[in-house]
Amino acid sequence: MARTGETGGGFFRNIPEFIQQVRTETAKVTWPTRRETTMTAVMVLVMTTILSLFFLGVDNLFNFLAQELLRLVG
């Protein structure tokens, strides 16, 4: 939030302070290990594959049911 009485150049004067705050906060971050990142990526791929197969099955089931209903009507 802008301080009262601040001139137009206040934004540029605060850039070094902002960069320092970003560095301080980034140092507090707990970064995942390579193993954790790999395991997470593998789990995402596995779950995506499982869900895609599930929805493929549901889609085929609904397609079959719709075809059968249309065959009964027509």
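The structure under discussion appears in the preceding block.
Here the structure is a predicted model, which means the values were calculated and not measured. (Residues numbered from 1 in each chain as written. Predicted model: local features only at pLDDT ≥ 70, side-chain atom pairs only at ≥ 80, totals over all residues. Heavy atoms only, no water.)

**Observations concerning the pattern of salt bridges**
Alright, step 1. Counted under the stated rule, the structure contains two salt bridges.
Alright, step 2. In this structure, the salt-bridge partner of lysine 28 is glutamate 25, at a minimum N-O distance of 3.2 Å. You can see lysine 28 and its partner glutamate 25 sitting in helix H2 (residues 15-28), three residues apart, about one turn around the helix.
Alright, step 3. Take lysine 28: its relative accessible area is 56%, and that puts it in the exposed class.
Alright, step 4. Owing to a relative accessible area of 46%, glutamate 25 belongs among the partly exposed residues under this scheme.
Alright, step 5. When the shortest N-O distance is used, the salt bridge between arginine 71 and glutamate 68 registers 2.8 Å. Of this pair, arginine 71 and glutamate 68 are both found in helix H3 (residues 34-73), three residues apart, which corresponds to roughly one turn of the helix.
Alright, step 6. The exposed category is assigned to arginine 71, whose relative accessible area is 57%. (Salt bridge = Lys/Arg side-chain N within 4 Å of Asp/Glu carboxyl O. Helix = DSSP H or I, 4+ residues; strand = E, 2+ residues; numbered from the N terminus. Buried < 20%, exposed > 50% of the residue type's maximum accessible area, 1.4 Å probe, protein only.)

**Focus on the packing of aromatic side chains**
Alright, step 1. Counted under the stated rule, the structure contains one aromatic pair.
Alright, step 2. Here the aromatic rings of phenylalanine 54 and phenylalanine 55 are separated by 5.2 Å at their centres, their planes lie at 70°, and the arrangement is edge-to-face.
Alright, step 3. The class of phenylalanine 54 is partly exposed, set by a relative accessible area of 49%. (Phe/Tyr/Trp six-rings, centres within 6.5 Å; stacked < 30°, edge-to-face > 60°.)

Function cannot be read off these values alone, since they describe shape.
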